[in-house]
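Summary of structural features
These are the residues of each chain, in order.
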Amino acid sequence: MQRIQDRLGVAVGLSALVTNARGEPITRASNLCSFCRLVNSTDKGRARCKAWRVRLAGDVAASGKRLRRLCHAGLAYVAAPVNVGDEVVAVVMVGKAAIGDFGEEEVARVAADLGIDEEELKEAARRVPVWSEKRLREAADLFHSAADALVQLAHSRQELQHKTEELSTIVEFGRAISSTLHVSEVARRALEAVLRLTGATGGSVVMLSEETEVAASVEPEDECPAIPGGELIAALMREARPMHYRDNSADGMGEQGRPVLSVPLNVMGKVTGVLTIAGGEKGASFSDDEARLLSALGTGLALALENARLYESLREYYMNGVRALAAALEAKDEYTRGHSGRVAGWARACARELGLSEAEQEHLYLAGLLHDIGKIGVGEEILLKAGQLTPEERREVESHPVVGARILEPAKFPREVIEAVLYHHEDYAGGGYPEGLRGEKIPLLARIVRVADAYDAMTSDRPYRKGHPHEWAMKELGRLGGEQFDPEVVRAFRAAVRGREGLGSEVDGLSPRQVVSRYIRSQGEPSG
């Protein structure tokens, strides 16, 4: 704008300036004549020019019309507004020309008022161009058209950038809330993201079903929770639109205090929750744009919360199936009662030591609980036999990983769990069963269950022997590392046992039914 203004000023022989609606310069005044330079050479002259410019810009912004005015020194100006929508965002001032003769008496008055040499100012006045009203208006129109085009272009660019940032925000928000399927974690991540975006100091996510549940809440120490009351929730459910209010009064909706914005969360036309933010920047109310953005984010949040709720419901059914399988195994062999739970706890502790993800730890825990489920198909007379097994009996026992995998497959257990159950008797150096896999071809989760299973088997009583001491079992694991066991898994298992991590010490003596129940209760927290 400055470059175009400068070139147009030289081309038409006029001075120009663009200000905002308050008269504050957006561009520098271009093509000043010698008369104006003399006037602005004094502090008083500059002050007079500034005051006159502020008044002119204010009048133009208030009227929304083009105005012609004489400045305090008697020069003619045409000022026109530049609008974006209904708002005046700039004022184009073009002039510093005389309309008709520039009287010597007026020049003398200005010189005396500003303390400028009268003859010098008169000489400068003689060089001021004299323009007709029509010519000045046409020149002003030229400047105004150029400025208006640039402002509209800049505004369109800002709008595009704003839309792009908003879209990026929605995408990032979607990623944040879709990366977990725990209701409370979805709500927490969503609320934290919204607070970062809006600059709000507090907020909440409330879920509505048979009863109201606060899924997440954030508030500073010196502020009360931003949780909408019953009347407001009823209004949101009835009107299904964002609501602005202030929350300092007893009923939670006052005229003063921090600003609050609540938006309904809709799923298929039904309000299933409320997203609320509070404490805008410097106490200012949240804008309509923020309400619109929050509504857009709320649509994604509502779906994510509903998916998480359905997942947790399905997961409960799923874990009930695990409970039933564990109970069936428990009833089969009194000597191994508690074995599956201990293996699951040690395996998860080992996985934690290896840096596996939460999902991998959960899969490993389930695999530990169910690794021997295939023994349901092995006769009790074999499982409880005190003497040496015959080759046929051994083949039947060694079939339990395959049988276990077949039991789990129709129930749609995760592939990682099924593979860990199927291959947990493979030896690291080869020669195990059922397929004789070796090294890294054995799934990692199966290698971990292998070590945990062997440790608990060595330290537990069996029909044919008493359990070995802990120290002896640890030496055996080290001695057989690289042969039966993955050496890296053995190292991690030793570290886990030393740290008494996981459920190892907590599940000693518990039945699989009790261990699964404890596990299900522990999953109430997202970090479970």
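See the structure shown above.
Residues take numbers from 1 onward in each chain, read along the sequence in its written order. Confidence filtering applies because this is a predicted model: local features only for residues at pLDDT of at least 70, side-chain atom pairs given and counted only at 80 or more, and all residues used for totals across whole chains, interfaces and linings. Values shown for side chains rest on all heavy atoms present in the structure; no hydrogens or waters enter the calculation.

Moving on: the overall build of the protein chain. Helical segments are the DSSP runs of H or I of at least four residues, strand segments are the runs of E of at least two, and each set is numbered from the N terminus. Each helix and strand in the protein chain was counted, giving 19 helices and nine strands. Relative accessible area decides the class of each residue, using a 1.4 Å probe on protein chains only: under 20% of the type maximum gives buried, over 50% gives exposed, and in between gives partly exposed. Looking at the protein chain as a whole, 48% of its 528 residues qualify as buried. Contacts: residue pairs with any heavy atoms within 4.5 Å of one another. Partitioning the intrachain contacts of the protein chain with sequence separation of at least 6 by distance along the chain shows that 61% fall at a separation of at least 24. Surface exposure here means Shrake-Rupley accessible area, sampled with a 1.4 Å probe, where a residue is shielded only by the protein chains that are shown. Carbon and sulfur atoms make up 50% of the accessible area of the protein chain, which totals about 26600 Å².

Side-chain atoms within 4.5 Å link the members of a nonpolar core, which is a set of buried Ala, Val, Leu, Ile, Met, Phe, Trp, Tyr and Cys residues. Core analysis: the largest hydrophobic core is formed by 43 residues, its most contacted members being Leu477 and Phe493. For this core, the secondary structure elements donating two or more residues are α10 (339-353), α11 (358-370), α14 (400-408), α15 (415-422), α16 (444-459), α17 (470-479) and α18 (487-499). Take this core: its biggest share by element is nine residues, from α16. Filtering out sequence-adjacent residues up to four positions away, Phe493 remains in contact with Trp346, Cys350, Val451, Ala452, Tyr455, Met474 and Leu477. Core analysis: the second largest hydrophobic core is formed by 31 residues, Phe173, Ala187, Val267 and Ala291 among them.

Turning our attention to the state of the cysteines. The term disulfide is used for any two cysteine sulfur atoms that are within 2.5 Å. In this structure the tally under the stated criterion is zero disulfides. Unpaired in terms of disulfides, Cys33 finds its nearest cysteine sulfur in Cys36, a separation of 3.5 Å. This cysteine, Cys49, is not joined by any disulfide, and Cys71 carries the nearest cysteine sulfur, 6.3 Å off.

What follows concerns the packing of aromatic side chains. Whether two aromatic rings pair depends on their centres lying within 6.5 Å, for rings of Phe, Tyr and Trp, where Trp uses its six-membered ring; planes under 30 degrees apart make the pair stacked, over 60 edge-to-face, and the rest tilted. Taken as a whole and judged by the stated rule, the model has four aromatic pairs. Arranged with centres 6.1 Å apart and planes meeting at 80°, the rings of Trp346 and Tyr455 form a pair that is edge-to-face. A residue pair is termed long-range when its members are at least 10 positions apart, and Trp346 in helix α10 and Tyr455 in helix α16 qualify at 109 residues. Residue classification places Trp346 among the buried positions, given a relative accessible area of 4%. Linked through ring pairs, Trp346, Tyr455 and Phe493 together constitute an aromatic cluster. Geometrically, a charge over a ring is one whose NZ (Lys) or CZ (Arg) sits within 6 Å of the ring centre while staying within 35 degrees of the ring normal. Above the face of the Trp131 ring, Arg135 is positioned so that its terminal group lies 3.7 Å from the ring centre.

This part covers the packing of α14 against α15. Closest axis-to-axis distance for the α14/α15 pair is 8 Å, and the angle between their directions is 160°. Judged by the angle between their axes, α14 and α15 are roughly antiparallel. Every pair of crossing elements has a handedness; the one defined by α14 and α15 is right-handed. Contact residues: Pro401, Val402, Gly404, Ala405 and Leu408 in α14; Val417, Ile418, Val421 and Leu422 in α15. Side-chain classes are defined by residue name, with Ala, Val, Leu, Ile, Met, Phe, Trp, Tyr, Cys and Pro counting as nonpolar, Asp, Glu, Lys and Arg as charged, and the others, Gly among them, as polar. Each residue belonging to the contact of α14 with α15 can be placed in one class, and the counts come to eight nonpolar, one polar and no charged. Each axis is a line fitted through C-alpha atoms, and for a helix only the stretch in contact is used; angles between axes span 0 to 180 degrees, taken between their N-to-C directions. Any angle that is under 35 degrees is reported as roughly parallel, and any over 145 degrees as roughly antiparallel; angles of 65 to 115 degrees are reported as roughly perpendicular and all others as oblique. Crossings are assigned a handedness: left-handed for a near helix turned anticlockwise from the far helix by less than a right angle, right-handed for a clockwise turn.

Our focus in this paragraph is the pairing of strand β9 (residues 270-278). The buried count for β9 comes to eight of nine residues, which makes it a mostly enclosed element. One requirement defines pairing of two strands: DSSP has to find at least two bridges between them. Two strands pair when backbone bridges link them, and strand β5 (residues 202-208) and β9 are joined in this way by six bridges, in the antiparallel orientation. Note on β9: the bridge partner recorded for Gly203 is Ile277.

On to the sheet that holds strand β2 (residues 67-70), then. As summarised here, the arrangement of the four strands in space is β1-β4-β3-β2, forming an open sheet in which the pairing is antiparallel. In the strand order of this sheet, the two ends are held by β1 (15-19) and β2, each with one partner. If you compare each strand with its neighbour and ignore which way they point, the axes differ by 25° on average. Relative to strand β4 (residues 87-97), strand β3 (residues 76-84) runs antiparallel, the two sharing nine bridges.

For the rest of this paragraph, the subject is a negative patch on the surface. A cluster of acidic residues, Glu380, Glu381, Glu392 and Glu396, forms a negative patch at the surface. Those elements that place two or more of their residues in the negative patch are α12 (380-383) and α13 (391-398). Here Glu396 shows up in helix α13. Patches were defined on residues exceeding 30% relative accessible area and lacking a salt bridge, with like-charge contacts within 9 Å and nonpolar side-chain contacts (Val, Leu, Ile, Met, Phe, Trp, Tyr) within 5 Å. One speaks of a salt bridge when a side-chain nitrogen belonging to Lys or Arg is within 4 Å of a carboxyl oxygen belonging to Asp or Glu. Only four residue types enter the tally: Lys and Arg on the positive side, Asp and Glu on the negative side; His and the chain ends are excluded. Note that the charge is assigned to NZ on lysines, CZ on arginines, CG on aspartates and CD on glutamates.

Applying the stated criterion across every chain, the model contains 28 salt bridges. Two residues, Asp113 and Lys44, come together in a salt bridge whose shortest N-O distance is 3.3 Å. Taken together, the positions of Asp113 in helix α4 (residues 104-114) and Lys44 in helix α3 (residues 43-63) put the pair 69 residues apart, joining distant regions of the chain. On the basis of relative accessible area, Asp113 is assigned to the partly exposed category, the value being 24%. Take Lys44: its relative accessible area is 40%, and that puts it in the partly exposed class. The partner of Asp486 in a salt bridge is Arg447, and the shortest N-O contact between them spans 2.6 Å. Residue Asp486 is located in the loop between α17 and α18, and its partner Arg447 is located in helix α16; the two are separated by 39 residues in the primary sequence. For Asp486, a relative accessible area of 5% translates into the label buried. Taken together, the salt bridges that share partners define one network made up of Glu185, Arg188, Arg189 and Glu192.

Moving on, we come to the sheet that holds strand β8 (residues 259-267). The sheet built from five strands is open, its strands ordered β6-β5-β9-β8-β7 with antiparallel pairing. Two strands bound the open sheet, and with one partner strand each, they are β6 (212-218) and β7 (243-246). Recorded for the sheet is a direction-independent mean angle of 20° between the axes of neighbouring strands. In this sheet, β6 lies alongside β5 in antiparallel orientation, the contact comprising six bridges. By the bridge assignment, Leu208 is partnered in β6 with Thr212.

Moving on: helix α6 (residues 133-178). Side chains of residues three or four places apart in an α-helix project in the same direction, reflecting 3.6 residues per turn. Helix length check: α6, at 46 residues, gives a terminal C-alpha distance of 66 Å against a target of 68 Å (1.5 Å per residue), a fit within 8%. Buried within α6 we find Leu136, Ala139, Ala140, Phe143, Ala147, Val151, Glu166, Thr169, Phe173 and Ile177. Multiplying 1.5 Å by the residue count of a helix minus one yields the expected span of that helix.

Looking at the secondary structure, you find Leu136 in helix α6. Separated by 68 residues in the primary sequence, Leu136 and Arg68 place their C-alpha atoms 9.6 Å from one another.

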